[in-house]
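Topology and contacts: notes
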Amino acid sequence: MPPRISMTRKQRDALLTLPETEVEVLRHHMLGPADLAAVNQCRTPETRLSYALQLCCLRFPGRYLSRGELLPGIMLDHIADQVQADADVITLFARRGATRYEQLTSIKQRHGFRDLSRPLRDELTAWAQDEAVGLTDGRVLLDRLIKRMRSARIIIPGISVVERLAATAMHSADLAAIAEIGAFLSPPQCDQMDVLLSAKVHRQQSRLSWLRAPAGGVGARSLAEILDRLDLVRNTVGDAPARLPLHLNHRMAQMAREGSLYTAQAFQQMNAPRRHAVMMATLSELATTLTDAALSMFQSLVGRANLRAKKRLEETIAASAEQGRARLLRIAEVLDAVVTAVRSESDVTAAVAVIAPLDTIADDAGIIRRTLRPGRPDVLGELAPEYHVFRKIGARFLSSFAFEGGRAVQPLLAAIAVLGGIVATVVNRYLPTSRSAILSGGGPGMSLPTIPLTAPITNWPPTSSLPMRLRAAACGLRHREFTARSKSSSRPLHRQLRRNRSLWFTLSMPKTILQTAWLRSMLLF
């Protein structure tokens, strides 16, 4: 079956239709002095009008005028006015059968119109194949091909001929793109793609279906599963998508849209080159989708932790409000007792001790002073219960992506790079390598890197070895302010760091290998 381009009958008929609006007629069917000189060589009004009509139809829409074709009135009147003939004389045309063909021969010779012969057809086919390389829509190529034939004065024999020409060029470009994409895939990568289609997560779900499954609820386990899928996709396609030429981007996007609709069984029915090319495009788009899902899930985890911290803070404030009323009432009774004792010249200490012990009153005074301090409620101080979530997934989340940004976020990116360097230094220099085990989890067939589990840290890096700018950022100070305060303050540096709640977990962390493996997430959080 000859190749076709997907179009409706209405779209196909509109490609070579005669102009029916005044704008189109004025744009395409204006006759110049040379054209009128050729028309005036005809003796009768009907032959002059027929000559002009066939000339205009060869120019636009670029085809022959069919016998008995219904002409638009605005087009017929416009051409008749230019040749100074009555439009009704068209009915007298072609009383001799050879007149029409004689005029067509004269028009071709005088105005340079050519039929689509074999040498010309081969040139046009080669041009269409070159033009189809960067296209994914056959209708775009069909429009360009028709415009090309009109500008080159090549007579269009029929829309079906041009459609097959464009469809053949698109098919050839598609095969060439598949072969070019396949050249960037190694045999092991092709085998891994086939495994994704044949292997089963369980009896009714293929591994490809597992990769496409939507994310679960907000939680560390859901984020870990997303990262498992992302690792599997990255290990399968490697860096092949990044090495593809730019002219294949549009075709890769088209293959990704097609692949998103195919099931594993549909992929298996394709021939191997096309299956691997479409699979690579599908997995590349899936990697982007999983990246967005991972970032969204991490953002949801941070938002949930913040909401829970706010809720705990509100509950604490509500509970302390009830205690505060009792505390203020007790202080009021103490003040009344002091005033009464002073006026009666009795023992003030004994009068106050009757109401409450002095230690209780001192605690009440300290709590009231802290309550009256200006500033926002400390939400970060309530984040400690959420620490276990970020300890489980934070380090893996950071190591799964390369963070980039503009000038405004460069300090943050530099801090992330410093943290990554600290983690690498700790793991390589201070952690023993014996007694290791492999932690398996997440998706099927996936395993996390080897991590030492139980050996203690013997040479923990001192706090002073942290970079000065990182310590300044941890204390919430600028570099100069931090340096000045560090020299003038007698408190240890770790106490200054403890003042920043965002690093509280790092300082209170037990020194074990397992918890050190998640150091990056602790520092970030």
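1. Some points on helix α10 (residues 187-198)
Taking 1.5 Å per residue as the helical rise, α10 with its twelve residues ought to reach 16 Å, and the 17 Å between its terminal C-alpha atoms agrees with that figure. Those residues of α10 lying buried are Gln189, Cys190, Met193, Leu196 and Leu197. An end-on view of α10 places all buried positions within 110° of arc, on one side of the element.

2. Considering the packing of aromatic side chains
Scanning the entire structure with this criterion turns up five aromatic pairs. Ring centres of Tyr262 and Phe267 lie 5.5 Å apart, and the angle between their planes is 90°; this geometry places the pair in the edge-to-face category. Exposure remark for Phe267: the relative accessible area of 0% places this residue in the buried category. The interplanar angle of 5° and the centroid separation of 4.1 Å between the aromatic rings of Phe298 and Phe397 together place this pair among those described as stacked. Residue Phe298 is located in helix α16 (residues 272-344), and its partner Phe397 is located in helix α19 (residues 387-399); the two are separated by 99 residues in the primary sequence.

3. A closer look at the confidence of the model for the protein chain
Per-residue confidence for the protein chain gives a mean pLDDT of 78; residues scoring 70 or more make up 76%. Of all helices and strands in the protein chain, the one with the weakest mean pLDDT is strand β3 (residues 436-440) (28), whereas helix α8 (residues 138-151) scores best (95). Taken as a whole, residues 427-525 scores under 50 in pLDDT and shows 153 contacts with residues more than four places along the chain or in a different chain.

4. A look at the pattern of salt bridges
Opposite charge on two side chains lets them pair, provided their charged atoms get close. The final tally for this structure, using the stated rule, is 19 salt bridges. Residues Arg12 and Glu163 are paired through a salt bridge, measuring 3.0 Å at the closest nitrogen-oxygen approach. Residue Arg12 is located in helix α1 (residues 9-14), and its partner Glu163 is located in helix α9 (residues 159-182); the two are separated by 151 residues in the primary sequence. Of the two residues, Arg12 and Glu163, neither departs from the other in class, the shared state being buried. Three or more residues are tied together by salt bridges with common partners; here these are Asp174, Arg251, Glu258 and Arg274.

Cut-off values and rules
Every residue gets a number counted from 1 within its own chain, in the order that chain's sequence is written. Predicted model: local features are reported for residues with pLDDT of at least 70 only, side-chain atom pairs are reported and counted for 80 or more only, and whole-chain, interface and lining totals are derived from all residues. Values shown for side chains rest on all heavy atoms present in the structure; no hydrogens or waters enter the calculation. The secondary structure listing takes helices from DSSP runs of H or I that are at least 4 residues long and strands from runs of E that are at least 2 residues long, numbered from the N terminus. What a helix should span is 1.5 Å times the count of its residues minus one. Three labels apply to residues, based on accessible area from a 1.4 Å probe with only protein chains included: buried if under 20% of the type maximum, exposed if over 50%, partly exposed otherwise in between. It is the directions from the helix axis to the C-beta atoms whose arc is reported. Classification of ring pairs uses Phe, Tyr and Trp, with its six-membered ring standing for Trp, and accepts pairs whose centres are within 6.5 Å; under 30 degrees between planes counts as stacked, over 60 as edge-to-face, and the remaining range as tilted. Note: pLDDT gives the predictor's confidence per residue, expressed from 0 to 100. Contacts are assigned to residue pairs with any non-hydrogen atoms lying within 4.5 Å of each other. A carboxyl oxygen of Asp or Glu within 4 Å of a side-chain nitrogen of Lys or Arg is what we treat as a salt bridge.

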